[in-house]
Amino acid sequence: MEFSEIGLAIWVFVAFMLASVNAMLCRGLGKSTEMNPEFLANMGFFWSVIPAAMFGASAYFPWLDLSVIAPFAFLLGLVPLAVIYVIRGKPEQAPMMFGRDDQGRLSLFACSPEEVVTTVLYAVLAFEICTIFLWDQLYRA
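Residues numbered from 1 in each chain as written. Predicted model: local features only at pLDDT ≥ 70, side-chain atom pairs only at ≥ 80, totals over all residues. Heavy atoms only, no water.

It is not clear to me how the overall build of the protein chain should be interpreted in this structure. Could you clarify?
Helix and strand counts for the protein chain stand at six helices and two strands. Counting from the amino terminus, helix and strand elements in the protein chain follow one another as α-α-α-α-β-β-α-α. Per-residue burial for the protein chain yields a buried fraction of 38% across its 141 residues. Restricting to contacts in the protein chain with at least 6 residues of sequence separation, those with at least 24 account for 67%. Of the roughly 8600 Å² of accessible surface on the protein chain, a fraction of 68% belongs to carbon and sulfur atoms. (Helix = DSSP H or I, 4+ residues; strand = E, 2+ residues; numbered from the N terminus. Buried < 20%, exposed > 50% of the residue type's maximum accessible area, 1.4 Å probe, protein only. Contact = heavy atoms within 4.5 Å. Areas by Shrake-Rupley, 256 points an atom, 1.4 Å probe, with all protein chains shown as cover.)

Quick question: what am I supposed to make of the nonpolar core here?
For soluble globular proteins, the rule of thumb is that nonpolar side chains tend to be buried together. Grouped together as the largest cluster of nonpolar side chains are 14 residues, with contacts concentrated most on Val12, Phe16, Phe45 and Val49. Among the secondary structure elements, those contributing two or more residues to this core are helix H1 (5-30), helix H2 (37-57) and helix H5 (113-130). Counting residues per element, this core draws most heavily on H1, which supplies five residues. Not counting residues within four places of it along the chain, the set of residues in contact with Phe45 comprises Phe16, Ala19, Ala123, Ala126 and Phe127. Residues Met24, Met43, Ile84 and Phe109 belong to the second largest nonpolar core, which totals eleven residues. (Core = buried A, V, L, I, M, F, W, Y, C linked by side-chain atoms within 4.5 Å.)

Would you mind going over the side chain of Ser20 with me for this structure?
With respect to the secondary-structure elements, Ser20 resides in helix H1. Setting aside chain neighbours within four positions, we find Ser20 in contact with Thr119 and Ala123.

Where do I start with the layout of surface pockets in this structure?
One way to see where empty space is left: roll a probe the size of a water molecule over the atoms. In this structure, the second largest pocket encloses a volume near 170 Å³. Asn42, Phe46, Tyr122, Ala123 and Ala126 are, among the 15 residues lining the second largest pocket, the residues nearest its centre. Sorting the residues of the lining of the second largest pocket by element identifies H1, H2 and H5 as the ones contributing at least two each. For the lining of the second largest pocket, the leading source of residues is H5, giving seven residues. When grouped by side-chain class, the residues that make up the lining of the second largest pocket number eleven nonpolar, two polar and two charged. (1 Å grid on protein atoms, 1.4 Å probe; cavity = no way out; pocket = protein on both sides within 12 Å on 5 of 7 lines; lining within 4 Å. Points joined across faces, edges and corners; volume = space filled by probe spheres on them. Nonpolar A, V, L, I, M, F, W, Y, C, P; charged D, E, K, R; others polar.)

What's the story with helix H4 (residues 78-87) in this structure? I'm lost.
Helical geometry note: an α-helix holds 3.6 residues per turn, so side chains three or four residues apart project in the same direction. Of the residues making up H4, those classed as buried are Pro80, Leu81 and Ile84. All buried residues of H4 lie within an arc of 100° about the axis, which places them on one face of the element. In this structure, H4 carries Leu78 and Val86 as exposed residues pointing more than 90 degrees from its buried face. (Arc of directions from axis to C-beta.)

Just to check I follow, could you spell out the pattern of salt bridges for this structure?
Two side chains carrying opposite charge are able to pair once their charged atoms lie near each other. A full pass over the atoms with the stated rule returns two salt bridges. In this structure, Glu38 and Arg27 form a salt bridge, with 2.7 Å as the shortest nitrogen-oxygen distance. With a gap of eleven residues between them, Glu38 in helix H2 and Arg27 in helix H1 connect regions that are remote in the sequence. On the basis of relative accessibility, which here comes to 30%, the residue Glu38 falls in the partly exposed class. A salt bridge links Glu115 to Arg27; its shortest N-O distance comes to 3.4 Å. (Salt bridge = Lys/Arg side-chain N within 4 Å of Asp/Glu carboxyl O.)

Pasting the structure below:
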């Protein structure tokens, strides 16, 4: 599959889903660090989707075609998680990753349901912004 036009849209969508999980992990794991979990979530998303989309979009410019390295740009989304694990201290009561705690609070990726919904909605907004340059290809009659 060529990394341009519809193929690029599919790859960006796959990156969007992976980056949503990455962003939720950043929010959950970042709670035990001194860094802002919102910042870590945004970093996890934008390091995953934006580089791949930009390298893929360069296929539209023959003199600057870097679309070959676009699939490898998804790996940049692992950088925020690596940073979190490096700077993470020992939390007193680390939130659990899945299920309910002893007080009945639901947790997904160590986040509350409100945090998960907020992260997904922000990621959907960013995904829509990323695909603006594809509208001509996706909705051409």
